[in-house]
Amino acid sequence: MCPNAPHNLSPNSTPISPDLAAAVRLLQSGELVAFPTETVYGLGADAANPTAVAKIFAAKGRPAEHPLIVHLSGADYLEQWARDIPSSARKLAEAFWPGPLTLILARAPTVPYAVTGGQETVGVRVPSHPLALALLRAYAQEGGGRGAMCGVAAPSANRFGRISPTDAAHVREELGAAVALVLDGGACDVGIESTIIDLTRHGLPPRLLRPGHITPEQIGEVIGEFPEVPDSMKPAKVPRVSGSLDGHYAPRTAMRLTASGDLFRAIEETQAQGKRCGLLLHSLLTPPQTHLLHSLRRLPDNPAAYARGLYAALRELDQAGNDIILVEAIPSGPDWAAVADRPRRAVHGSGIKPL
Ligand code: TXA
Ligand code: MG
């Protein structure tokens, strides 16, 4: 058992399936294991073992100064990873864990810099996917990793900057032999990455670092203070110059966000240039017969269902041999804010030039 383990969990209290036992052994021996979370699939390693963490960066092709999120089986393990934990963190953990919320806290002295990207802060979350929780609980039950620390570092299990995987098959496509084991928990329910909130800004309001399923309004209600939301994440603000955005979640195919009313003209323009055009819709618009689309995907017109299907749809459109993917612009408004963030960054990462 790990230090600081919950008192009501006695060692070997839960039988561990052969798959999970194998996953735990691999993690403990410094190997990579991909696993489902409710948001996207993660590429996991013992967060206390810098050599294991280095394998994550190598497999993803990710620069080493990018910090990773440490996944825990419960808030009981917070003290292993963080210090000076504010009461707001306890309240948010109580309200939203297990679930798609990552807290940025001051790092405990034993947390390797490999996992924090050299920073004095650490990101932690307790995922709610049953297989992720079972893995993390089994890991803790078997003594955890190096120094009996019970945290699994896991970024999204995609190549750096590319579309996050929401299915075990996506992970194999992205990472192939680089990952020792992929635990298959089916399609992810939320479909976009966790909300990230920075709680380390002494005397200043917490700051939203990444929008997600859990909204700033929900966070504000729990902690009694509305978090600071950077302009680029505000729902109605679509930056004209996307240079302020990191390229992320991006298909290899060029991609463009187009207002519903401009879509048909945009299709004509791209086809007039002899380009194969894919289309991602959320409204009931139906392109005229004259528009011979190479491929079309339609996602539901509500934010949660759109988020659930978004990455799989982008991945399919990316693989369909299109020269360009036109994405119907996402509605403005707070309900769509977290979803809208992803295509915006994907456009930037796809490297498209204006037509
Ligand atoms: O939903 C998720 O959060 C998924 C699943 C697997 O849990 N994970 C995920 O990890 O999206 P990743 O590495 O793809 O994105 C983590 C983000 C990065 O943008 C990173 O910069 C930020 O979290 N992050 C992690 N630790 C941080 C820290 N100490 N300070 C600021 N940002 C941090
Ligand atoms: Mg990622």
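Asks: So what exactly am I meant to see when it comes to the packing of aromatic side chains here?
Replies: Given two aromatic rings, one states the distance between the centres and the angle between the planes to describe the pair. According to the stated counting rule, one finds two aromatic pairs in the structure shown. Against the face of Y113 rests R107, its NZ or CZ located 4.0 Å from the ring centre.

Asks: Whenever I open this one, helix α11 (residues 337–349) confuses me. Can you help?
Replies: In an α-helix, one turn spans 3.6 residues; hence positions three or four apart end up facing the same way. Over its 13 residues, α11 runs 19 Å from end to end, which matches the ideal 18 Å to within 8%, given 1.5 Å per residue. All buried positions along α11 are accounted for by A337, A338, V339, A340, D341, R342, P343, R344, R345, A346 and V347. Turning to α11, the residues buried within the fold contact β10 (207–210), β11 (254–258) and α10 (303–319).

Asks: Explain the site of ligand 1 here, please?
Replies: Surveying the vicinity of ligand 1 reveals 22 residues, the closest of which are T39, R62, H71, S194 and R210. Between ligand 1 and R62 there is a distance of 2.8 Å, counted from an oxygen atom to a side-chain nitrogen or oxygen. Separating a nitrogen atom of ligand 1 from a side-chain N or O atom of T121 is a distance of 3.1 Å. Within the complex, the protein chains bury 87% of what would otherwise be the 680 Å² of accessible surface of ligand 1. If you map ligand 1 onto the pockets, it falls in the largest pocket. Breaking the shell around ligand 1 down by element, the ones donating at least two residues are β3 (69–71), β6 (121–125) and β10. Residue composition of the shell around ligand 1, grouped by class: ten nonpolar, eight polar and four charged.

Asks: Mind showing me how you'd approach the nonpolar core here?
Replies: With 51 residues, the main nonpolar core has L43, W81, L92, L101, L103 and V124 as its most contacted residues. Considering every element that reaches this core, the biggest residue donor is helix α2 (residues 50–60), with five residues. Ranked by size, the runner-up nonpolar core spans 24 residues in total, among them V40, I163, L310 and A338.

Asks: Before we go on, may I ask you to explain the pattern of salt bridges in this structure?
Replies: Here the structure, examined in full by the defined rule, presents 16 salt bridges. Across the salt bridge formed by D84 and R83, the nearest N and O atoms sit 2.8 Å from each other. Assessed through its relative accessible area of 60%, D84 is described here as exposed. R83 sits in the partly exposed class, given a relative accessible area of 34%. Note that R265 and D262 form a salt bridge whose closest N and O atoms lie 3.7 Å from each other. Judged by its relative accessible area of 47%, R265 is partly exposed. Overlapping salt bridges, with partners in common, bring together E193, D341, R342 and R345 in one network.

Asks: What is the right way to look at the side chain of K60 in this model?
Replies: With respect to the element layout, K60 can be found in helix α2. For the buried K60, no salt bridge is present, and the opposite-charge side chain at shortest range is E174, 7.4 Å distant. One polar contact links the side chain of K60 to the main-chain carbonyl oxygen of S156, over a distance of 2.7 Å. With sequence-adjacent residues up to four places away left out, K60 is seen in contact with L43, P155, S156, N158, R159 and F160.

Asks: Mind showing me how you'd approach the layout of surface pockets here?
Replies: Regions of empty space are outlined by a rolling probe, equal in size to a water molecule, passed over the atoms. Roughly 960 Å³ of volume is contained in the largest pocket. Surrounding the largest pocket, 44 residues form its lining, R62, P67, I69, I196 and R210 being those nearest its centre. The set of elements that each furnish at least two residues to the lining of the largest pocket consists of β3, β5 (101–107), α5 (113–116), β6, β9 (195–198), β10 and α11. Here the residues of the lining of the largest pocket are counted per class, giving 16 nonpolar, 18 polar and ten charged.

Definitions and limits used
Residues numbered from 1 in each chain as written. Chains lettered and ligands numbered in written order. Predicted model: local features only at pLDDT ≥ 70, side-chain atom pairs only at ≥ 80, totals over all residues. Heavy atoms only, no water. Phe/Tyr/Trp six-rings, centres within 6.5 Å; stacked < 30°, edge-to-face > 60°. Lys NZ or Arg CZ within 6 Å of the ring centre and 35° of its normal. Helix = DSSP H or I, 4+ residues; strand = E, 2+ residues; numbered from the N terminus. Expected span 1.5 Å × (residues − 1). Buried < 20%, exposed > 50% of the residue type's maximum accessible area, 1.4 Å probe, protein only. Contact = heavy atoms within 4.5 Å. Near = heavy atom within 4 Å. Polar contact = N/O pair within 3.5 Å; in protein donor to acceptor, adjacent residues only side chain to side chain. Areas by Shrake-Rupley, 256 points an atom, 1.4 Å probe, with all protein chains shown as cover. 1 Å grid on protein atoms, 1.4 Å probe; cavity = no way out; pocket = protein on both sides within 12 Å on 5 of 7 lines; lining within 4 Å. Sits in = over half its atoms within 2 Å of the grid points. Nonpolar A, V, L, I, M, F, W, Y, C, P; charged D, E, K, R; others polar. Core = buried A, V, L, I, M, F, W, Y, C linked by side-chain atoms within 4.5 Å. Salt bridge = Lys/Arg side-chain N within 4 Å of Asp/Glu carboxyl O. Lys, Arg positive; Asp, Glu negative; His and termini not counted. Points joined across faces, edges and corners; volume = space filled by probe spheres on them.

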